Every structure is written in C-alpha cells, then in structure tokens.
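# Structure assessment
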Amino acid sequence: MFLAMKELMHSKMRFLMIVIIFVLLAWLVFILSGLGNGLSTLAASTFKNMKADYVLFEQGSQNAMGKSLLSDQLVEQVEQLPQVNAASPMGSTMATALKGQSTKNEDKVDIAIIGINPGSFLEPAIVEGSGLSAENPNHVIVNVTMKDDGFKLGDTFQLDGSTESLTIVGFVENQTYNHVTAVFTPMEEWRKITFAAPGSDKGIAGPVNAIMLQGKDIDSSAINDKLPGTDTVTRAEAVQGMPGYKEENGSIMMMLGFLLVISAFVLGVFFYVITMQKTNQFGIMKAIGARNGFLSKAIVSQVFVLSLISIVVGILLTYGTAAIMPKGMPFKLETNLVIIYSVILLIIAVLSSLVSVRKITKIDPLKALGRVE
C-alpha cells in the first residue's frame, strides 16, 4: 500500500485520467440503475406494495390482469383452503380523467382504476383525507401525483367516454400501475366502469380480474386442483406478468450488463498500458529483491484505492443529478442498489488489474535492465 500511494502522489495527472474515466462509467451505471428501478416502480408499485403473497388468476391468462376474469364467489372458497389467511378480489382497468368539464387533450390525465373492497388488506394507507366507503361507491382515493395535475381533495372528475364521475376523498403514496396514477375505487364502482358495455362481463357473476391471497407457503397446485380453471402464482410472478414489465426491465439490465463488461475491458487496458510503461522499474525492483507478491499487492492496492475514490465520486454525482432531475422523471435510487453496484464495480476493477499482475510476474529483471527506451 505504501508503494502504491507513493506512486499515486507522484504521477497525479496520469492516474487522474483513469479516475475521470472510471467516475464517468460508475456515474452511468448508477444513473441507469436508478432509471431502471424508477421505471419498475412506476409500472408496478401498486402490486409491489400490496399486502398480498399470492394471486389467483383465470387459467391461461399468463399472469396478466387484463386477460383474467373470475367470479368473486371464489373468494369464500379460497378462504377455506389450508394456509390461506385472507383473500380479497381486485380489478384493474385503464381510463382517462377529465379536469372539470373540459374535453381538451391537455386537460386529460391517464389513470389506472383499481377496484378493491373498502377496508380490505388491499386498501393502501391514507396520507391525506379519508378511506374508501361502501356507502359512497363513487368516492375514490388516488395517488398524490394527481396533485401535480391540478387535482385536490374533494374534486370531482368525469371519466372520458363515460357518464361516471368520481370524487377524490383521500390521497395515498407510491401507488402507480402501468406507468400511470392508480385510482382506487370500491369494487361496485369499478364494475360499472369496466363492464359498461352489455355482455362485456361474459355473464360472470361478480366479475373480478384476480383474487389476492395472504398466507405463507401456500400450495399453488393444490388450489388449482380444488378450483378448476384457475392459476395461482406468487405476487412476484404476477408483477412479471404485467404487460411490458419483463421486457422493460430486461432492456435496462442488458444495458447495465454491457456497461459493466465494457468497464472491465477499459480499466484492464488502462492498467495494462501503465504496467507496460513501468517494466524497467519493476525489473529493477525485482533485481534488488522485490518479490512478485509484493509488486502484485502494490498494483492491486493502487487499483483498489483509485476505484474506491471513483465510485464514491460517481455516487455523489448521481445523487446530485437526482436532486436536479424533473419531478416527473421515473428515477428512484435505492441504497441497497447503490451498495450492490458499487461492490460489483469494485470487484470488476480489481479483477481487471489481474492482467497487469500476470505481466509483472513474467518480467525478467535482466531483460528489463538491458532494455533501451
């Protein structure tokens, strides 16, 4: 470490260039991870934050709410099954809210209407106002992001293409579905909106999209056997079944993967070139008794210090960038993600230095001393 620090202080500009490159790479990794996590949260925070462990879908629906249609009469049957602590129906449909009585495009807001039973475990915590009520089916609770669109507590808005009007009685946080604001309504109101067209409910009594289950170690296959025509999956599998969710996350992860591979190559090349430039110095040190282990530790220590500094600067730049990003930008940087990618970058940097270490072990002191540059 002593030798590594001495050289870092002596050749500041040389190593500063490496630090700048690594900072930019780390910065980009953290930005991409934040954007990926933000998009993931925007697409499925309603599902992810629900106090449910499993989801019961119609068989063949591919774990997608929009493809599933069940009867709420199954709720009582499901609750009688082993390991099931509670069950509650849920429905979802996309709609457009109109501000006031205006029909201008700029006064329209895309929303996801989520139908639930008032007071059930699916109802999110209220941060302002009151909760849902079965006595007032047109009263809804909405995500706080609707405040940014000009809506406030007590406002009544109409749905585009529908005669239904909804009144905001409460606000909740972190509730988005399919990248838009979630609006929670009593199941009765959700059915009016979703199945307004005659026959759209396929003649099913009390239609719902899915039934959410609470319980640990539920035997999915046993439920499917006892309730023909159903598919029971974990909540995580249900999230993966949301339209475009898997593909969106896959694209972000692929970009991150390529970026990490590129980082390994870039850093490996930089350290290898620097090592080649110091062949004579290493030869002299080996000639006076320096062992390969000592020189290898010096190189790895050097890389570790440079990488640690670069990653810390990259994190600071990322948080600074997040602070000035537009409010509507889907960016969410979580501490555990920052730690995970920091460790990955640090490991990649150290591993990339092993190419240089291997070169040092093969240096012949006599040849190095006789080289003319």
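Chains are numbered independently. Their residues run from 1 in the order of the written sequence. Residues qualify for local features only when their pLDDT is at least 70, as the model is predicted, and side-chain atom pairs are given and counted only at 80 or more; totals for whole chains, interfaces and linings, by contrast, use all residues. Hydrogens are left out, water is left out, and the side-chain values use all remaining heavy atoms of the structure.

## Topic: the layout of surface pockets
Cavity means a closed set of points on a 1 Å grid over the protein atoms alone, one where a 1.4 Å probe fits but cannot get out, pocket means an open set with protein on both sides within 12 Å along at least 5 of 7 lines, and lining means a residue has an atom within 4 Å of a point. Grid points are joined across faces, edges and corners, and a volume is the space filled by probe spheres set on the points. What the largest pocket holds in volume is close to 650 Å³. What lines the largest pocket is a set of 24 residues, among which Leu 42, Asn 143, Thr 145, Thr 176 and Lys 327 lie closest to the centre. For the lining of the largest pocket, the elements supplying multiple residues, two or more each, are α2 (12-49), β4 (108-116) and β10 (180-186). Under the scheme used here, helices are H or I runs from DSSP no shorter than 4 residues and strands are E runs no shorter than 2 residues, and both carry numbers assigned from the N terminus. Element by element, the count of residues in the lining of the largest pocket is highest for α2, at 4 residues. Residues of the lining of the largest pocket, tallied by class, amount to 7 nonpolar, 11 polar and 6 charged. All residues other than Ala, Val, Leu, Ile, Met, Phe, Trp, Tyr, Cys, Pro, Asp, Glu, Lys and Arg, Gly among them, are scored as polar; the first ten of these are nonpolar and the last four charged.

## Let's talk about the packing of aromatic side chains
Two rings from Phe, Tyr or Trp (for Trp, the six-membered ring) form a pair when their centres are within 6.5 Å of each other. A pair whose planes differ by under 30 degrees is stacked, one over 60 is edge-to-face, and the rest are tilted. Considering all chains together, one arrives at 3 aromatic pairs under this definition. Plain terms: the ring middles of Phe 47 and Tyr 177 are 6.2 Å apart, the flat faces sit at 35 degrees to each other, and that makes the pair tilted. With Phe 47 in helix α2 and Tyr 177 in strand β9 (residues 176-177), this residue pair connects regions lying 130 residues apart in the sequence. Ring centres 5.5 Å apart and planes at 90 degrees place the aromatic pair Trp 190 and Phe 195 in the edge-to-face group. Only when the NZ of Lys or the CZ of Arg is both within 6 Å of the ring centre and within 35 degrees of the ring normal is a charge said to sit over the ring. Seen from the ring of Phe 171, Lys 147 lies directly overhead, with NZ or CZ sitting 4.8 Å from the centre.

## Topic: the pairing of strand β7 (residues 156-159)
Here 2 bridges tie strand β3 (residues 86-98) to β7, and the two strands are oriented antiparallel to one another. Looking at the pairing, Leu 98 lines up with Gln 158 of β7. Following β7, the chain reverses through 5 residues before pairing antiparallel with strand β8 (residues 165-172); Gly 161 in that reversal takes a positive phi of roughly 80 degrees. We call two strands paired when DSSP finds no fewer than two bridges between them.

## Things to note about the confidence of the model for the protein
For the protein, per-residue confidence averages 85 on the pLDDT scale, and 86% of positions sit at 70 or higher. Values of pLDDT, which run from 0 to 100, indicate the predictor's confidence residue by residue. Of all secondary-structure elements in the protein, the lowest mean pLDDT belongs to helix α1 (residues 2-10), at 56, while strand β6 (residues 139-143) reaches the highest, 96.

## Side note on the pattern of salt bridges
If charged atoms from side chains of opposite charge come close, those side chains can pair. Salt bridge, as used here: a side-chain nitrogen of Lys or Arg that lies within 4 Å of a carboxyl oxygen of Asp or Glu. Overall, the coordinates contain 6 salt bridges when judged by the stated rule. With a closest N to O distance of 3.3 Å, Asp 160 and Lys 108 form a salt bridge. Placement of Asp 160 in the loop between β7 and β8 and of Lys 108 in strand β4 is noted, with a sequence separation of 52 residues between them. The residue Lys 147 makes a salt bridge to Glu 128 at a minimum N-O spacing of 2.5 Å. With Lys 147 in the loop between β6 and β7 and Glu 128 in strand β5 (residues 128-129), this residue pair connects regions lying 19 residues apart in the sequence. Residue Lys 147 is classed as partly exposed on the basis of its relative accessible area, which comes to 37%. A relative accessible area of 31% places Glu 128 in the partly exposed class. Each residue's exposure class comes from its accessible area (1.4 Å probe, protein chains only) as a fraction of the maximum for that residue type: buried when under 20%, exposed when over 50%, partly exposed otherwise.

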